[in-house]
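Residue-level structure breakdown
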Amino acid sequence: MKQIVIFMGFILFLFAAVVSFSNAEPDSAEKSQLERLDNSVFKNPHRPGALFEHDDHNDMAQIDDCAVCHHVYDGKKLLEDESSEDSQCSECHSLKSDDENSVPLLRAYHKRCKDCHFEVNKGPVLCGECHIK
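Residues numbered from 1 in each chain as written. Predicted model: local features only at pLDDT ≥ 70, side-chain atom pairs only at ≥ 80, totals over all residues. Heavy atoms only, no water.

The name given to the chain in an unreviewed UniProt entry is Class III cytochrome C family protein, and the organism recorded there is Desulfobacula phenolica.

In structure tokens:
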């Protein structure tokens with residue numbers, strides 16, 4: 001009888017371990033492989049969308065204000081306390097510059113990310129560091 005109780009306890013332990021590991025959040029490296037910036041607006045992209053895990057990035061960079069990246073401009077004037085976080089970048093940035101105030105989408109992506117990474121001297125700045133196959 002004692003052996004059956006020990007055996008059943010062992011089976012219960014294995015079951016609990018399998019369930020807990022199967023429901024565990026993937027680590028940052030696994031999540032990064034799953035989350036890419038959407039580059040479907042580009043007709044013939046040269047590289048896959050950049051790997052970018054939004055929440056992990058903002059936690060590491062200690063960014064609390066969405067408008068740091070999701071900015072809103074009126075002409076050349078930055079509108080303080082305005083955020084475009086519910087919009088796609090391509091809603092404001094077209095593939096090509098339409099006028100003197102607009103920044104093309106590809107340049108906007110690269111300028112926003114790389115300028116910040118250079119400023120804080122952290123983060124990827126080379127093509128292959130973000131656009132991983």
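Following the structure, the description resumes.
Before going further, it helps to spend a moment on the overall build of the chain. Helix and strand counts for the chain come out as 5 helices and 2 strands. Each helix and strand of the chain, ordered N terminal to C terminal, gives the series α-α-α-β-β-α-α. The buried share among the 133 residues of the chain stands at 12%. A total of about 11100 Å² of accessible surface is found on the chain, and carbon and sulfur atoms cover 58% of it. (Helix = DSSP H or I, 4+ residues; strand = E, 2+ residues; numbered from the N terminus. Buried < 20%, exposed > 50% of the residue type's maximum accessible area, 1.4 Å probe, protein only. Areas by Shrake-Rupley, 256 points an atom, 1.4 Å probe, with all protein chains shown as cover.)

Quick look at a negative patch on the surface now. On the surface, Asp55, Asp59, Asp64, Asp65, Glu80, Asp81 and Glu82 cluster together into a negatively charged patch. Here aspartate 64 is to be found in the loop between helix H3 (54-61) and strand E1 (73-74). (Patch = residues over 30% accessible without salt bridge, like charges linked within 9 Å, V, L, I, M, F, W, Y side chains within 5 Å. Salt bridge = Lys/Arg side-chain N within 4 Å of Asp/Glu carboxyl O. Lys, Arg positive; Asp, Glu negative; His and termini not counted. Charge placed at Lys NZ, Arg CZ, Asp CG, Glu CD.)

It is worth spelling out the pattern of salt bridges at this point. Proximity of charged atoms lets side chains of opposite charge pair with each other. Within this structure, the stated rule accounts for 1 salt bridge. We note a salt bridge from aspartate 115 to lysine 111, for which the minimum N-O separation is 2.7 Å. Here lysine 111 and aspartate 115 lie together in helix H4 (residues 105-120), a separation of 4 residues that amounts to about one turn. Taking relative accessible area as the criterion, lysine 111 reaches 40% and is therefore assigned partly exposed.

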